[in-house]
Amino acid sequence: TSLFHMLNDLILDKKKILEESADILHRIGNLYTIFNKYETALKCFYAVVIFQRKEKGDSHLSVADLLFNIGNIFYEKKKLRWALTCHKESYRISCAVLGKKK
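These numbers come from a predicted model, not from an experiment.

About the criteria used
- Residues numbered from 1 in each chain as written.
- Predicted model: local features only at pLDDT ≥ 70, side-chain atom pairs only at ≥ 80, totals over all residues.
- Heavy atoms only, no water.
- Helix = DSSP H or I, 4+ residues; strand = E, 2+ residues; numbered from the N terminus.
- Expected span 1.5 Å × (residues − 1).
- Buried < 20%, exposed > 50% of the residue type's maximum accessible area, 1.4 Å probe, protein only.
- Axes fitted to C-alpha atoms, helices over the stretch in contact; angles between N-to-C directions.
- Parallel < 35°, antiparallel > 145°, perpendicular 65-115°, else oblique.
- Left-handed = near helix turned anticlockwise from the far one by under 90°.
- Contact = heavy atoms within 4.5 Å.
- pLDDT = per-residue confidence, 0-100.
- Nonpolar A, V, L, I, M, F, W, Y, C, P; charged D, E, K, R; others polar.
- Phe/Tyr/Trp six-rings, centres within 6.5 Å; stacked < 30°, edge-to-face > 60°.

(A) Up close: helix 4 (residues 61-76). The end-to-end C-alpha distance of helix 4 is 23 Å, a good match for the 22 Å that 16 residues give at a rise of 1.5 Å each. All of the buried residues in helix 4 are Ser 62, Val 63, Ala 64, Leu 66, Leu 67, Asn 69, Ile 70, Gly 71, Ile 73 and Phe 74. Within two residues after helix 4, Lys 78 carries a phi angle of roughly 65 degrees, on the positive side.

(B) Representation of the packing of helix 4 against helix 5 (residues 80-98) in the model. Contact geometry of helix 4 with helix 5 gives a least axis separation of 8 Å together with a crossing angle of 160 degrees. As summarised for this structure, helix 4 and helix 5 are arranged roughly antiparallel, according to the angle between their axes. In this structure, helix 4 meets helix 5 at a crossing whose hand is left-handed. Packed against helix 4, whose contacting residues are Leu 61, Val 63, Ala 64, Leu 67, Phe 68, Ile 70, Gly 71, Asn 72, Phe 74 and Tyr 75, the element helix 5 presents Leu 80, Trp 82, Ala 83, Cys 86, His 87, Glu 89, Ser 90, Ile 93, Ser 94, Val 97 and Leu 98 at the interface.

(C) View of the confidence of the model for the protein chain. Counting all residues, the mean pLDDT for the protein chain is 88, and 84% of those residues have values of 70 or more. The least confident element of the protein chain, judged by mean pLDDT, is helix 1 (residues 3-12) at 64; the most confident is helix 4 at 97.

(D) Region of the structure containing unusual backbone geometry. Of note in the backbone geometry, Asn 36 takes a positive phi value of approximately 60 degrees without being a glycine. Assignment of secondary structure puts Asn 36 in the loop between helix 2 (14-34) and helix 3 (38-56). Since its relative accessible area comes to 52%, Asn 36 is described here as exposed. Although it is not a glycine, Lys 78 adopts a positive phi angle of roughly 65 degrees. Structurally, Lys 78 can be placed in the loop between helix 4 and helix 5.

(E) Up close: the packing of helix 3 against helix 4. Contact geometry of helix 3 with helix 4 gives a least axis separation of 9 Å together with a crossing angle of 155 degrees. Taken together, the axis directions place helix 3 and helix 4 in an arrangement best described as roughly antiparallel. Where helix 3 crosses over helix 4, the two elements pack in a sense that is left-handed. Residues Tyr 38, Ala 41, Leu 42, Phe 45, Tyr 46, Val 48, Val 49, Gln 52, Arg 53 and Lys 56 of helix 3 pack against Ser 62, Val 63, Leu 66, Leu 67, Asn 69, Ile 70, Ile 73, Phe 74 and Glu 76 of helix 4. Residue classes in the contact of helix 3 with helix 4 are distributed as 13 nonpolar, three polar and three charged.

(F) A look at the packing of aromatic side chains. Enumeration over the complete set of coordinates arrives at one aromatic pair. Ring centres 5.0 Å apart and planes at 75 degrees place the aromatic pair Phe 74 and Trp 82 in the edge-to-face group.

Written as structure tokens, this is what we have:
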């Protein structure tokens, strides 16, 4: 297919654009985390987790991944109860989706 058709398909597929935008925002959040810009990273992650929950539901691995990242930031900020809450929820989702190891 030509570049024109690929771009046209992308423009017409709003859901795909939103998913790719969420993925990019997630990656930007990861970069902010690396540079210890935790508040900005949290804003990115919050926006993406709201989108992912709306699009894919509360029990999706992408939500678990985001909650894990958010929990790590809370841990770094010494907000240990919030970190634990996020990590527990991430673990619960992961076990539900992947199956719990025995």
